[in-house]
Amino acid sequence: MNVRVRFAPSPTGFVHVGGLRTALFNYLFARQQQGKFILRIEDTDQSRFVEGAVENLIAVFDWLGLSFDEGPHVGGDFGPYVQSERLEIYRRHCERLLAAGQAYRCFCRPDELETMRAEQTKRSMVPMYDRRCRKLDAGISRHRSEDGESCVIRLAVPLTGTISFSDLVRGDILFRADAIDDQVLLKSDGFPTYHLANVVDDHLMQVTHVIRGEEWLSSTPKHILLYQSFGWDVPAFAHLPLLLNPDRSKLSKRSADVTVEAYRDEGILPDVLLNFVALLGWHPKDEREIFSLMDLVKEFDLARVGKAGAVFDIMKLRWLNSEYLKRESDEKFYENIRPIYFEYTGEPKPRFSSIIEQYGESRLQFGTMSLRAGAGTYEEVAERVLNIFSPVGKPEPESLERLSDDNARDLLVRLHDGLAAIPAEEWEDFEAIGERFKEVCKRAGNEVGVKGKELWQAVRAGLTGRLHGPELAKLIAIWGRERVLHELNQAIRH
Ligand code: GLU
């Protein structure tokens, strides 16, 4: 079988993490079955049209490194891949059902439908179209429409019987036909509904497996009825479990960011997001948690996708990101963080320009490497870098206290003079200068009779006005000679 699957988003302006999970599972399935992965834009709901949404979606998938085999941006033999460019196709197919008596025109006005719904609700019935137009004579119905009366086209759903199918995730599923509404296929403005367009396209695009979120499960019997009405083969279905907040409510904006763009902008790596999203509902054979996209293609198995809702745990996403960052070499790490510091033109970004001008890129790079440990994102490291280069600010009271005796002043003076005596070129060797600095500190400490914790706290207080902070040997290497001597002078003067 030539596997063909599709991701069929309605372009709303951003990519939902649930949408990404659907797209990824389709992608993985296609890649491991040597099938095709198609992008189809379902934009028939004109009220939800958002300018630039498709371009944004394509850019997000480029960033993620998930490529489509067919779609509006890459073409293919089954286009157009944008539903609003296929209206004629849907209309033609709807005509076919109408001619065969499997669909009918409904002239009920919105206010009539509203009254119907209200009455049904009052009588504790599930609101459903009462099918009054289904009884209209076909000839009369055609005349009314030709006379310009506004109408929709509905599917004539069987009044009895059942619709069953075997879902690849959820197993055997059965629906009673009498619980299914005579759904609208074509709206009065000539636009198809989701159901009609989705089924017609899945058939014409030869989609073999429909892999989508559980929220579409209740639409599936309607789709199966449509396939049957057209006399078409029904594709296989796999409905992926819902995404939940940690309190097991449906994933909402309130408890976490739900857009891929938000995580991208926050500095989560694309591979991390894919790794994380893959684990939302799919259970690997072993306890492994780190998977590259290539691993996923190899290991992913629809049979190991569970029915139970998958909890979207933001802490786990952050943890995964820090695991990925930890594994990067210093070179790779710097290459990836550099766009936070510099424009693509090579100009420093405003937030970093004064640091780069004053300290130079090699110190910025050394600072980055020194501060990367344990960080969750590149942004976090960039913040640490900004912090370490900024002015130290007002000293903390405990720090002033620590430096209040004559001994401390004496120590800082000796330290200053000892460091000033180190030739400037030695300060350019960032590793060696740290060791030299420690020697000078110990010597000065010996001379005034302080050592150990007491010594290091005094040195730190003198340099930064704080009793805690980054490793001193690294700090002075990052700052360089001028800044170190300047801070010591300030402290001595105080
Ligand atoms: N356009 C639907 C969506 O926005 C597609 C659902 C399906 O895959 O059938 O998710």
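Look up: the structure comes first, before these words.
Residues numbered from 1 in each chain as written. Predicted model: local features only at pLDDT ≥ 70, side-chain atom pairs only at ≥ 80, totals over all residues. Heavy atoms only, no water.

> Run through the site of the ligand, naming residues and quoting values.
The environment of the ligand is made up of Arg-6, Ala-8, Ser-10, Glu-42, Tyr-194, Asn-198, Arg-212 and Trp-216. Take Ser-10: an N or O atom from its side chain is 3.2 Å from a nitrogen atom of the ligand. Contact distances for the ligand include 2.8 Å between an oxygen atom and a side-chain N or O atom of Arg-212. Here the ligand loses 85% of its free accessible area of 300 Å² to cover by the protein chains. Of the residues assigned to the shell around the ligand, the class counts are three nonpolar, two polar and three charged. (Near = heavy atom within 4 Å. Polar contact = N/O pair within 3.5 Å; in protein donor to acceptor, adjacent residues only side chain to side chain. Areas by Shrake-Rupley, 256 points an atom, 1.4 Å probe, with all protein chains shown as cover. Nonpolar A, V, L, I, M, F, W, Y, C, P; charged D, E, K, R; others polar.)

> Which residues make up the pattern of salt bridges, and what values do they have?
Applying the stated rule across the entire model yields 41 salt bridges. Between Arg-402 and Glu-454 there is a salt bridge whose closest N-O contact spans 3.7 Å. Of this pair, Arg-402 sits in helix α16 (residues 397–402) while Glu-454 sits in helix α19 (residues 452–464); the two residues are 52 residues apart in sequence, bridging distant segments of the chain. Among the ionic pairs, Glu-439 bridges to Arg-436, the shortest N-O distance being 3.6 Å. Within this pair, Glu-439 and its partner Arg-436 are both found in helix α18 (residues 430–448), separated by three residues, close to a single helical turn. The network of salt bridges with shared partners includes Arg-6, Arg-40, Glu-42, Arg-86, Asp-201 and Asp-202. (Salt bridge = Lys/Arg side-chain N within 4 Å of Asp/Glu carboxyl O. Helix = DSSP H or I, 4+ residues; strand = E, 2+ residues; numbered from the N terminus.)

> Go over the packing of aromatic side chains with me, naming the residues and quoting the values.
Taken as a whole and assessed by the stated rule, the structure comprises 18 aromatic pairs. With a centroid separation of 5.6 Å and 80° between ring planes, the pair formed by Tyr-27 and Phe-37 is classed as edge-to-face. Here the residue Tyr-27 occupies a position in helix α1 (residues 17–32), and Phe-37 occupies one in strand β2 (residues 36–39), the gap between them amounting to ten residues. Each member of the pair Tyr-27 and Phe-37 is classed as buried. Ring geometry for Tyr-263 versus Phe-312: centroids 6.2 Å apart, planes at 45°, classification tilted. Remark: Phe-312 occurs in the loop between β11 (310–311) and α11 (314–327) and Tyr-263 occurs in helix α8 (residues 260–266); sequence separation between them is 49 residues. (Phe/Tyr/Trp six-rings, centres within 6.5 Å; stacked < 30°, edge-to-face > 60°. Buried < 20%, exposed > 50% of the residue type's maximum accessible area, 1.4 Å probe, protein only.)

> Describe the nonpolar core, with residues and values.
Inside soluble globular proteins, nonpolar side chains tend to come together where they are buried. Counting 111 residues, the largest nonpolar core has Tyr-341 and Leu-419 as the members making the most contacts within it. No other element matches the nine residues that α1 contributes to this core. Setting aside residues no more than four positions away along its own chain, Leu-419 makes contact with Trp-427, Phe-437, Val-440, Val-484, Leu-485 and Leu-488. Grouped together as the second largest cluster of nonpolar side chains are 34 residues, Cys-94, Ala-103, Leu-185 and Leu-217 included. (Core = buried A, V, L, I, M, F, W, Y, C linked by side-chain atoms within 4.5 Å. Contact = heavy atoms within 4.5 Å.)

> Please provide a residue-by-residue account of helix α2 (residues 53–64), values included.
Its twelve residues give α2 an end-to-end C-alpha distance of 17 Å, which sits within 8% of 16 Å, the value for a rise of 1.5 Å per residue. Taken residue by residue, α2 has Ala-53, Asn-56, Leu-57, Ile-58, Val-60, Phe-61 and Leu-64 as its buried positions. Among the structural elements, β1 (4–7), α1, β2, α8 and α9 (270–278) are those in contact with the buried residues of α2. Once α2 ends, the next one or two residues include Gly-65, with phi positive near 80°. (Expected span 1.5 Å × (residues − 1).)

> A description of the pairing of strand β5 (residues 162–167) should follow, citing residues and the corresponding values.
Burial along β5 is one-sided: Ile-163, Phe-165 and Asp-167 are buried, while Thr-162, Ser-164 and Ser-166, pointing the other way, are not. In this sheet, strand β6 (residues 171–176) lies alongside β5 in antiparallel orientation, the contact comprising six bridges. Its bridge partner being in β6, Phe-165 is matched across the sheet by Ile-173. In textbook terms, the turn of a hairpin is the stretch between consecutive antiparallel strands, and for β5 and β6 this stretch comprises three residues. (Pairing = 2+ DSSP bridges.)

> Go over the packing of helix α17 (residues 406–420) against α19 with me, naming the residues and quoting the values.
Here α17 crosses α19 at 75°, and the two axes come no closer than 10 Å. What the angle tells us is that α17 and α19 run roughly perpendicular. Of the residues in α19, those in contact with Leu-411, Leu-412 and Leu-415 of α17 are Leu-455, Ala-458, Val-459 and Gly-462. Looking at side-chain class alone, the contact of α17 with α19 contains six nonpolar, one polar and no charged residues. (Axes fitted to C-alpha atoms, helices over the stretch in contact; angles between N-to-C directions. Parallel < 35°, antiparallel > 145°, perpendicular 65-115°, else oblique.)

> How would you summarise the sheet that holds strand β3 (residues 103–106) if you had to cite specific residues and measurements?
Taken in spatial order, the three strands line up as β3-β4-β7 in an open sheet, and their pairing is antiparallel. Of all the strands in the sheet, the pair left with one neighbour each is β3 and β7 (184–186). Pairs of neighbouring strands in the sheet enclose a mean axial angle of 45°, with direction left out of account. The sheet contact formed by strand β4 (residues 152–155) and β7 spans two bridges and is antiparallel. Looking at β7, one finds that Arg-154 is bridged to Val-184.

> So what about unusual backbone geometry? Which residues, and what values?
Negative phi is the rule for most residues except glycine; trans is the rule for most peptide bonds. A cis amide bond links Gly-79 with the next residue in sequence, Pro-80, at an omega value of -5°. Take Pro-80: it is sitting in the loop between α2 and α3 (87–99). The residue Arg-131 is not glycine, and still its phi comes out positive at about 70°. Residue classification places Arg-131 among the buried residues on the basis of a relative accessible area of 14%.

> Which residues make up the side chain of Arg-372, and what values go with them?
Considering the arrangement of structural elements, one finds Arg-372 in the loop between α14 (361–371) and α15 (378–389). Beyond its immediate sequence surroundings of up to four residues, Arg-372 is in contact with Leu-325, Lys-326, Glu-328, Ser-329, Asp-330, Phe-333, Val-381 and Arg-384.

Take it as geometry only, folks, not as evidence of what the structure does.
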